[in-house]
Amino acid sequence: MVILKEALLSKTILMVDDNSNNLKLLSQYLDKANYETSIATNGKKAIAIAKALQPDLILLDVMMPVIDGFDVCRQLKNDPTTKDIPVIFMTALTETTNKVKGWKLGAIDYITKPFEEEELLARIKTHLTLKHLYQSSVRDAARRKLILEISDRIRQSLDLKLILATATTQIRNLLDCNFVGIATLNQQKTS
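Structure report, in brief. (Residues numbered from 1 in each chain as written. Predicted model: local features only at pLDDT ≥ 70, side-chain atom pairs only at ≥ 80, totals over all residues. Heavy atoms only, no water.)

Thoughts on the pattern of salt bridges
- As enumerated under the stated definition, the model contains ten salt bridges in all.
- Residue Lys-51 pairs with Asp-79 through a salt bridge whose shortest N-O separation is 3.2 Å. Of this pair, Lys-51 sits in helix H3 (residues 43-53) while Asp-79 sits in the loop between helix H4 (69-78) and strand S4 (87-91), placing them 28 residues apart in sequence.
- Given the relative accessible area of 42%, Lys-51 is considered partly exposed. (Salt bridge = Lys/Arg side-chain N within 4 Å of Asp/Glu carboxyl O. Helix = DSSP H or I, 4+ residues; strand = E, 2+ residues; numbered from the N terminus. Buried < 20%, exposed > 50% of the residue type's maximum accessible area, 1.4 Å probe, protein only.)

Quick look at the structure:
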């Protein structure tokens, strides 16, 4: 769990709000919690920054001029490059219909203003942890699939050179490295 805790410390959060006081307060909370932050003051900038920066999480106000937060979320979730970035709405809108609309658009959480620092940080940490665990499970599934492919290819051949070449290539891909070496040991019996 130490690795997970360290990984969370360097996460980038995009804060989107047209109110400079809200952004200042959020920045103080997140800086104190060792998060890297980026700021957008409107929906159009938020979309551009999200595409370029690929933040780990977005805190998104709903009521903004030009493009409201609901439309920003819709556009982010419809774009393959930003669809997996978790979005937490932060707004003064407290009606259930607004919360449900936010979740239907793909947001993972909905925090009403005024927010409490401890609650905000707990929710951010929870959602970043969930994102990390999901990404780890996807990577693990890909690795298991690759290991099964290696096993199948090895079982299909009795040619040692082909087996070693296949294993070397697949292990290099699995470990994402440039060099893998496999040696065979030739033990001669002496009587």
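A short note on H4
- Within the sequence span of H4, burial applies to Gly-69, Phe-70, Val-72, Cys-73, Leu-76 and Lys-77. Projected down its long axis, H4 shows its buried positions confined to an angular sector of 160°, all on one face.
- Among the structural elements, H3, strand S3 (57-60), S4 and helix H5 (96-104) are those in contact with the buried residues of H4.
- The residue sitting at the N-terminus of H4 and contributing the capping side-chain oxygen is Asp-68; that oxygen lies 3.1 Å from the backbone nitrogen of Phe-70. (Arc of directions from axis to C-beta. Contact = heavy atoms within 4.5 Å. Polar contact = N/O pair within 3.5 Å; in protein donor to acceptor, adjacent residues only side chain to side chain.)

With respect to the sheet that holds strand S5 (residues 109-112)
- Taken together, five strands build an open sheet; the order of strands is S2-S1-S3-S4-S5 and the sheet is parallel. This sheet does not close on itself; its edge strands, each paired only once, are strand S2 (36-40) and S5. Strand after strand, the sheet turns through a mean of 20° between neighbouring axes, direction not considered.
- Contacts from H3 reach strand S1 (12-16), S2 and S3 within the one sheet, and its direction differs from that of S2 by about 145°. (Pairing = 2+ DSSP bridges. Axes fitted to C-alpha atoms, helices over the stretch in contact; angles between N-to-C directions.)

Some thoughts on the pairing of S1
- Most of S1 sits out of view: five of its five residues are buried.
- A two-sided burial pattern is seen for S1, the buried positions comprising Thr-12, Leu-14 and Val-16 on one face and Ile-13 and Met-15 on the other.
- As a crossover connection, the stretch from S1 through helix H2 (residues 20-32) into S2 is right-handed.
- As paired strands, S1 and S3 are joined by four bridges and run parallel to one another. Looking across to S3, one finds that Met-15 is bridged to Leu-59. (Right-handed = clockwise from strand over helix to strand, strands pointing away.)

Topic: H2
- The terminal C-alpha atoms of H2, which comprises 13 residues, lie 18 Å apart, in line with the 18 Å expected from a rise of 1.5 Å per residue.
- Residues of H2 that are buried: Leu-23, Leu-26, Ser-27, Tyr-29 and Leu-30. (Expected span 1.5 Å × (residues − 1).)

Topic: the side chain of Asp-17
- Mapped onto the secondary structure, Asp-17 falls in the loop between S1 and H2.
- According to the relative accessible area criterion, Asp-17 is buried, its value standing at 3%.
- Within the structure, Asp-17 has its side chain in polar contact with the backbone nitrogen of Asn-19 (distance 2.9 Å).
- Dropping the residues within four chain positions of it, Asp-17 is found in contact with Asn-22, Leu-23, Ala-40, Thr-41, Asp-61, Met-64 and Lys-113.

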